[in-house]
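Listed here are the chains, written in short residue letters.
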Amino acid sequence: MINTKNLIKIFRTDEVETTALNNVNLEINTGEFVAIMGPSGCGKSTLLNIIGLLDNPSEGELHFNGFRVEKYTERQRTNLRKENIGFVFQSFNLIDELTVFENVELPLLYLKVSGAERKRRVNEALERMNIAHRAKHFPQQLSGGQQQRVAIARAVISNPKLILADEPTGNLDSANGEEVMNLLTQLNEEGTTIVMVTHSPSDADRSHRIIQLFDGHVVTENMRQKL
Amino acid sequence: MFKNFFINLFRNFSRNKFYTSINVVGLSVGLMCTILILLFVQDELSYDKYNVNHERIIRLGSDFTLGGNRDRIATSPLPFGPTFAEEFPEVEQFVRFHASGKQQFKYGEKEFYEERISYVDSSVFKVFSFPLLKGNPEKALTQAYSIVLNETLAKKYFNDEDPMGKVLLVGENVPYTVSGVMKDLPLNSHFKFNAFYSMKSLENIRGAEEFNSLQPVSFWSFSSYTFLLLKENTENEAILEKFPAYYEKYMRKLGDQLGVSYKLIIQHLGDIHLRSQLQWDAPTGNIKYIYILSAIAIFILLIASINYMNMATARSSKRAKEVGIRKVVGAQRENIIRQFMMESISLTVFALIIALICVELLLPVFNQLVGKDLVLSVVGTPEVILFNIILAVILGIFSGSYPALYLSSIQPISILKGIKGNANSNGFLRKLLVISQFTVSAIMISGTIIVASQFLYMNNMDVGFDKSNVVVAVMRDSVLRTKIDAFKIELKKNPNIKAVATSSSLIGFDGSKSVHLFESKEGMEEYALNFNVIDFDYIDLMEMDILEGRSFSQQIASDTVNAFIVNQAAVIKFNWGENALGKKLQLGVDVDGVDEGGEVQLGEVIGVMRDFNYQPLKDLIEPMNLILSENPNHRRVLHVKINSENRKETLSYIEKVWNQFCPNMSFDYFFLEDRMRENYQDEERLTWIFSIFSLISILIASMGLFGLSSFMAEQRTKELGVRKVLGASVGKLVYLLTGEFIRLIIIANILAIPISYWALNIWLSDFPYHISIGIWVFIVTIIVSLVIGLFTVAWQSYRAATSDPIKAIKYE
């Protein structure tokens, strides 16, 4: 599904040039659950953003579903992203002014899904995330765990093939974190590809494969056999 | 999508009540001012356009130069109408208006003085759209001594009676038969007539021979307003091109003898109200005020929309997260732009609704201020409403454009990295916006100061005579004028009456001009000189200064025959220098074979008086000649100087004596001072308008500054906390926060100085007597801006500077 060749990302400010990714070669297959680990500043999030089509690499190739996308314009990337990729963030990133229902509905609006269809799908997703009773609440009225479940509902609402999760349990206590991981695992079992950045070894244990990054390089790739 | 948008919009507004209300109030007030100004401007531009034929109607005016003295007047000779119709095939109809002064109307017990009446040709109802409610437009004014009243007058005298065929006694009991009732002329008409006498009446009064005379002298008396209805597709140039031949035929001979050069002025009816600057014209508007007001409207809107931009971009860090999320989940840039544009358009449309309500409520006050009767209605002024909706949308797009473009450019990745939109990244633009707001405000402040000072200056300027406590009454009754000496003696018996005098015309208003001959090195030369015929008591009553020679004296009998007193301007004009006394002067000229009509009086200068402003201060003091006469026909205007105490009793005493001497016509008076103040009504209005609108613009700018400063204080909470922990004093922190704004306000003021100086000088140059723009004006402006600015910013800054540093550091 995702294929990178000699991916390089360099950040430049006026005086400093930082190489965030250096010759990263990766292959992520459909249906896989991959964890990316590594110390702070090693380039995990940068890699995730490039895979998520939020950012373009400085050099190298990026293949997504067989298309070469590293030179895509913002518009092309957005179009590809909104149909194929869902995001889950450490800090949930829900819009405070929108209710739970409206937050989840948002991707469908940009996909121009009809009102009735939206309602059906949002309710379904909320049921699934066990948060339907909170549909009319605003994010601030929810606990962290609940907020993250809303975020996951939003990530899956458009039935994406890929979910990118950036430390999804980072702001949660262990019980809530566990629940979120269960949801992600379940999604993966239903066929969604998941790429997750994490610091937590126990979260990483849920994945099929762990990619270790260090200073922008891939150091190891451990295939984990599910027991 | 729309529902989602509006829900989001509403929540966004209600969660940011402070910023939203600053924006809504600013935009509403801005739009309100614009709508009011627009209504005013639209009304001014609509003058006389209610006439169906207005595009084909022109007015003939006269531009003539005599002895270096040029006059441009709105009137033309009486024979122009019929002879133009005859000589120029382009002319379809002509109408002449020959104004009659104030006259007393009597019907039964009812007796009032009426103004704004004119003798007019019977074609008036064909040329102009003055609808008749009663009477036949073809015939209403064909008979001598017929009169057409407007609705108001008809009601006043006849109530529910049918006025048609009834007889009104006019002036010295001349019977006029009512032959029609017309609708009151619209307010947006430069004509202000309440009634029309038939032109035939004037013909009867003057005698048909004199009235219809095509003698050369008739072409050199400019007594009527001549309007021509031109045939379709006729250009004014056609008339102008052929005019020299006409001039040759009717006017040249006498003109050359008099030494006058003459030019025809042609004005479109629609241009008279705003673009005519002729003497003897109806009080008109001024296109300059239209420009000034439109500029003010644009300024105020600019300030309000800058507020919006400023606050929207300042708050961008708060919205950046939302933009980022929307983009991550699939929003394209145009979705975001559309969202922000719709937000600002919704806000301006909402502000427009509030503005329209405010306009509806404030219109009566505004009408009073501008002296109009403006109405706002979807039916009556659909174009104003439509224009405003368009304006609100454009304003929304304009205000929303920068925030929309800026925010939509935020990369989603930045929110993932946890970077908040950097409020300082557009600090330069924000500074620029604040500077432009305060530049505009500073221009408005200095404009207000200058306009108000000029108004006060004109009102309080020493006009060269004492205008206070002078009661003026025009003696229209010829019998009263013959009894004037006895009348004066009777009046003076009252101890509260200090002096009584008469003159032929009212100082400062209806002066007369006549050809004079003055002594020069080359012999006697011609000049059209203003003159006023006065009695012995006039100069004393008005407290005018005689600088050289003497005043008129009752002891010297020849003073009524051959003595003149001229003003300083005349001495300068005639190059008399130090030797003005004894110089020869002649009123009127003898022209061979032509009866000039007026009397000729040769005499010499016995005194020079200090210049006084006998005309409104909007004109330069022109040369002037005072002539003494005991001829009752010249003693038309009664002046009574009274004590400032017991005014009421004194006035009723004058009225009592008046009624004894003049039982036919009631006492109709005014105070000279009041009449002179009316001259500056325009300036008084402008002063008010300027003050009010500049106050509003400053208010809106300050609101914006207040919002911006609270935002900046909030932004810098952490910085302030750190500084405080490191030992900064509250004073230092307040300075840190306010210093930047103060600098911006000072820069704005400096930028405003040349602009204000330039614009105000243009305005002032219209006045021959005007104040000069001193540096103090700009100093005061800077101080006012700074005080307002500081007051606005200081509170927020103080609050931020005194807040608990621990909280501040924990922030984020």
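For chain B, an unreviewed UniProt entry supplies the name ABC transporter permease and the organism Labilibaculum filiforme. For the record of chain B, the UniProt heading Subcellular location (unreviewed entry) holds the text "Cell membrane".

In the nomenclature of an unreviewed UniProt entry, chain A is known as Phosphonate ABC transporter ATP-binding protein of Labilibaculum filiforme. In the Sequence similarities (unreviewed entry) part of its UniProt record, chain A is described as follows: "Belongs to the ABC transporter superfamily. Macrolide exporter (TC 3.A.1.122) family."

Moving on, we get to the packing of helix H3 (residues 100-110) of chain A against helix H5 (residues 144-156) of chain A. A pair of packed helices is captured by two measures, namely the crossing angle of their axes and the spacing between those axes. Residues and elements named next belong to chain A. Direction vectors running N to C along H3 and H5 enclose 30°, while the axes themselves pass 7 Å from each other. Looking at the two axes, H3 sits roughly parallel to H5. For the crossing formed where H3 meets H5, the hand is right-handed. Seen from H3, the contacting residues are Val100, Asn103, Val104, Leu106 and Pro107; seen from H5, they are Val150, Ala153 and Arg154. Partitioning the contact of H3 with H5 into residue classes produces 6 nonpolar, 1 polar and 1 charged.

Let us now look at the interface of chain A and chain B. Listed per partner, the contact involves 23 residues of chain A and 20 residues of chain B. Where the side of chain A that touches chain B is concerned, the elements lending two or more residues are helix H1 (44-51), helix H2 (74-84), strand S6 (85-89) and H3 of chain A.

Residue and element names in this part refer to chain A. Read across the sheet, 4 strands follow the order S2-S1-S4-S5 without closing on themselves; strand pairing throughout is antiparallel. At either margin of the open sheet sits one strand with a lone partner, and together these are strand S2 (17-28) and strand S5 (67-68). With 2 bridges connecting them, strand S4 (residues 59-64) and S5 associate as antiparallel partners. Across the sheet, the residue bridging to histidine 63 is arginine 68, located in S5.

This part covers the pairing of strand S4 (residues 103-107) of chain B. Residue and element names in this part refer to chain B. As defined by bridge partners, S4 adjoins strand S5 (residues 110-114) across 5 bridges and the pair is classed as antiparallel. Residue tyrosine 107 lies in a different strand from S5, and its bridge partner there is lysine 110. Taken together, S4 and the strand that follows it, S5, pair antiparallel across an intervening segment of 2 residues, in which glycine 108 is found at a positive phi of about 60°. The pairing of S4 with strand S9 (residues 167-170) spans 2 bridges and is antiparallel.

Sequence positions flagged by UniProt for "domain: ABC3 transporter permease C-terminal" (unreviewed entry) are, in local numbering, residues 295-412 and 692-805 of chain B. Structurally, residues 692-805 of chain B is divided into 84% helix and 0% strand, and its ends, taken at the C-alpha atoms, are 43 Å apart.

When the UniProt feature table is mapped to this numbering, "domain: MacB-like periplasmic core" (unreviewed entry) covers residues 20-241 of chain B. Helix makes up 29% of residues 20-241 of chain B and strand 32%, and the two end C-alpha atoms of the span are 63 Å apart.

The subject of this paragraph is the environment of tryptophan 758 of chain B. With respect to the element layout, tryptophan 758 of chain B can be found in helix H26 (residues 730-764). C-beta crowding within 10 Å serves as the criterion here: with 9 such atoms nearby, tryptophan 758 of chain B is assigned to the exposed category.

All right, on to the pairing of strand S22 (residues 624-628) of chain B then. All names here are of chain B. Counting buried residues in S22 gives 5 out of 5 residues, a clear majority hidden from the surface. One ladder, built from 5 bridges, connects strand S17 (residues 523-534) with S22; its direction is parallel. Opposite asparagine 532, over in S22, you have leucine 626 as the bridge partner. Pairing of strand S19 (residues 563-567) with S22 involves 3 bridges; the strand directions are antiparallel. Along S22, the bridge assignment pairs isoleucine 565 with leucine 626.

As a further point, take the sheet that holds strand S8 (residues 193-197) of chain A. Residue and element names in this part refer to chain A. With mixed pairing, the 6 strands of this open sheet are ordered in space as S6-S7-S8-S3-S9-S10. Both outer strands of the open sheet, S6 and strand S10 (217-223), are each paired with one neighbouring strand and no more. Put simply, the sheet's adjacent strands are angled 15° from each other on average, direction ignored. Bridge count between strand S3 (residues 33-37) and strand S9 (residues 209-214): 4 bridges; the pairing is parallel. Bridged to alanine 35 within S9 is isoleucine 210. Contacts from H5 reach S6 and strand S7 (162-166) within the one sheet, and its direction differs from that of S6 by about 170°.

Another point: the confidence of the model for chain B. Low-pLDDT portions of the prediction should not be read for the details of their coordinates. Residues and elements named next belong to chain B. Residues of chain B with pLDDT of at least 70 account for 95%, and the chain-wide mean is 86. This stretch, residues 593-597, has a pLDDT under 50; its non-local contacts, to residues over four places away or in other chains, come to 9 contacts. Complex prediction metrics read pTM 0.80 and ipTM 0.88.

Residues and elements named next belong to chain B. The terminal C-alpha atoms of helix H13 (residues 333-370), which comprises 38 residues, lie only 48 Å apart, well short of the 56 Å expected from a rise of 1.5 Å per residue. Its axis deflected by about 55° at leucine 362, H13 carries its strongest bend there, up to four residues before the proline proline 364. Following H13 by one or two positions, glycine 371 adopts a phi angle in the positive range, close to 65°.

Here the domain parsing of chain B yields domain 1 (1-47 + 285-421), domain 2 (68-258), domain 3 (449-459 + 680-812) and domain 4 (477-664). Placing a centre on the C-alpha atoms of domain 2 of chain B and another on those of domain 3 of chain B gives a separation of 57 Å.

Reading guide: rules and limits
Residues numbered from 1 in each chain as written. Chains lettered and ligands numbered in written order. Predicted model: local features only at pLDDT ≥ 70, side-chain atom pairs only at ≥ 80, totals over all residues. UniProt positions renumbered as here; feature names shortened; annotations may be inferred. Axes fitted to C-alpha atoms, helices over the stretch in contact; angles between N-to-C directions. Helix = DSSP H or I, 4+ residues; strand = E, 2+ residues; numbered from the N terminus. Parallel < 35°, antiparallel > 145°, perpendicular 65-115°, else oblique. Left-handed = near helix turned anticlockwise from the far one by under 90°. Contact = placed C-beta atoms within 7 Å. Nonpolar A, V, L, I, M, F, W, Y, C, P; charged D, E, K, R; others polar. Pairing = 2+ DSSP bridges. Buried ≥ 20, exposed ≤ 12 C-beta atoms within 10 Å, placed from the backbone. pLDDT = per-residue confidence, 0-100. Expected span 1.5 Å × (residues − 1). Bend = angle between axes of the 7 residues up to and from the residue. Domains from an automatic or database assignment.

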